[in-house]
Amino acid sequence: MSYVIYGTGAVGGVIAARLHTSGADVTAVARGAHLSAIRKRGLTVVSSAGSEAVPLDTAADAGEVKWTDESVVFLTVKSHQTQAALDDLAAHAPHTVSIVVAQNGVANESAVLRRFRDVYGVAVVLAAAHLEPGVVVQQTYPTAGVLDLGRFPAGTDERAENISATLRHAGFRSTARADIMAWKYRKLIGNLANGVSASFRPGPESDLLTRLAREKRSRSWTSRASL
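Residues numbered from 1 in each chain as written. Predicted model: local features only at pLDDT ≥ 70, side-chain atom pairs only at ≥ 80, totals over all residues. Heavy atoms only, no water.

A. View of the sheet that holds strand S11 (residues 146-151). In spatial order, the strands read S5-S2-S1-S6-S7-S8-S11; together these 7 strands make up an open sheet with mixed pairing. The open sheet has two edge strands, strand S5 (57-59) and S11, and neither has a second partner. Going from strand to strand, the sheet's axes swing by 25 degrees on average, the running direction of each strand aside. Pairing analysis gives 5 bridges linking strand S1 (residues 2-6) to strand S2 (residues 25-29), with the strands arranged parallel. The residue of S2 that forms the bridge with Val 4 is Thr 27. In the packing of helix H1 (residues 10-21) onto the sheet, the strands contacted are S1, S2, strand S6 (71-75), strand S8 (118-125) and S11, and the crossing angle to S1 comes to about 160 degrees. (Pairing = 2+ DSSP bridges. Helix = DSSP H or I, 4+ residues; strand = E, 2+ residues; numbered from the N terminus. Axes fitted to C-alpha atoms, helices over the stretch in contact; angles between N-to-C directions. Contact = heavy atoms within 4.5 Å.)

Here's what the structure looks like:
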C-alpha cells in the first residue's frame, strides 16, 4: 500500500514522518509556506529524542499525487476543510482509494462516505504541534500516539488490520476495532473538560467543573467496557 497524508500539519506531519521512517511509501499533501519548507529541507520533527529532518514526497493537491489502486488516504485536515479536501480527492483520486478519517469529531466519516465507498474512522490520541513552516513537534516519545481504527460505520476487515499493523511498525499504538465510532464518541465526551479551561478563569469552580467532566468521561468508558 502507498499512503497519502492529506493535511500535513501537526497530526498529519507526525503520521507522515513516522510512516516514512518505518519504510512506508508516503506522499504528504501540504500548502503554502509549509509545503515550500518541506520541499526545501524536509519535514523537521522535534521530539524528546532530538530533531530530525524527514525527506518526504510532497504534493500541493490531489492532482499532483501519483495514485495507485492500493493508495490509502489519511484525511488529517481540520473539519471545516473536509469538503474542499473531498472535492479535490473526488476529482483526482481513483474510486478504489481507501479514506482513513484521522480527524476529531464524529461527522466527517458520513461526509466522506457520500463520496467514497471505502471509509475508516480513527480515534486519534496524538499530542503534536505545528507552529512554524516545515516543523512539527511530536510531544510523546518513543510511542508517537494511539491510532485505533475500524470501518465506518462499523466492522473491521483485512485492510483495517493491515493499516493498523503498519501504524504499529511506525511507532504508534493501534488496534483494529469493530466499534470505532463508539471510541470516537468517547473522546468527544472526554473533550468536554477542555471547554472549562477555555470558558472559566482558573480557580476552585473551574477545578470542580473539570473534575465533573472527567468523571463523566470515565463513566462513559466504564459503561461501554461492560457491554
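B. Summary view of helix H5 (residues 158-169). Its 12 residues place the ends of H5 17 Å apart at the C-alpha level, agreeing with the 16 Å of an ideal helix rising 1.5 Å per residue. All of the buried residues in H5 are Arg 159, Ala 160, Ile 163, Ser 164 and Leu 167. Viewed end-on, H5 has its buried residues packed into an arc of 135 degrees, placing them on one side of the element. Of the exposed residues in H5, the ones pointing more than 90 degrees away from its buried face are Glu 158 and His 169. Buried residues belonging to H5 abut S1, H1, S6, strand S7 (98-101), S8 and S11. Capping of H5 at its N-terminal end is provided by Asp 157; its side-chain oxygen lies 3.3 Å from the backbone amide nitrogen of Arg 159. Phi turns positive one or two residues past the end of H5, at Gly 171, with a value near 105 degrees. (Expected span 1.5 Å × (residues − 1). Buried < 20%, exposed > 50% of the residue type's maximum accessible area, 1.4 Å probe, protein only. Arc of directions from axis to C-beta. Polar contact = N/O pair within 3.5 Å; in protein donor to acceptor, adjacent residues only side chain to side chain.)

C. Quick look at unusual backbone geometry. For the peptide bond that leads from Tyr 141 to Pro 142, omega is 10 degrees, which places it in the cis range. Within the element layout of this structure, Pro 142 appears in the loop between strand S10 (135-138) and S11. In this structure, the amide linkage connecting Phe 152 to the following residue, Pro 153, adopts the cis form with an omega of 10 degrees. Mapped onto the fold, Pro 153 is located in the loop between S11 and H5.

D. Spatial organisation of helix H3 (residues 82-92). The complete set of buried residues in H3 reads Thr 82, Ala 85, Leu 86, Asp 88 and Leu 89. Buried residues of H3, viewed axially, fall in a sector of 165 degrees; they line one side. Summarising the geometry of H3, the exposed residues directed more than 90 degrees from the buried face are Ala 84 and Ala 91.

E. Molecular detail of the nonpolar core. In terms of nonpolar packing, the biggest core is built from 35 residues, with Leu 19, Phe 74 and Phe 172 touching the most fellow members. Broken down by element, the residue count for this core peaks at 5 residues, all from H1. Apart from the residues lying within four places of it in its own chain, the contact partners of Leu 19 are Tyr 3, Ile 5, Ala 24, Val 26, Thr 166, Leu 167 and Ala 170. (Core = buried A, V, L, I, M, F, W, Y, C linked by side-chain atoms within 4.5 Å.)

F. Structural view of the pattern of salt bridges. Here the structure, examined in full by the defined rule, presents 8 salt bridges. Two residues, Glu 70 and Arg 159, come together in a salt bridge whose shortest N-O distance is 2.5 Å. Separated by 89 residues along the polypeptide, Glu 70 in the loop between S5 and S6 and Arg 159 in helix H5 bring together distant segments of the chain. For Asp 157, the salt bridge goes to Arg 151, with nearest N and O atoms at 2.9 Å. Looking at Asp 157, the relative accessible area reads 24%, which means it is partly exposed. Through salt bridges with shared partners, a single ionic network connects Asp 118, Arg 151 and Asp 157. (Salt bridge = Lys/Arg side-chain N within 4 Å of Asp/Glu carboxyl O.)

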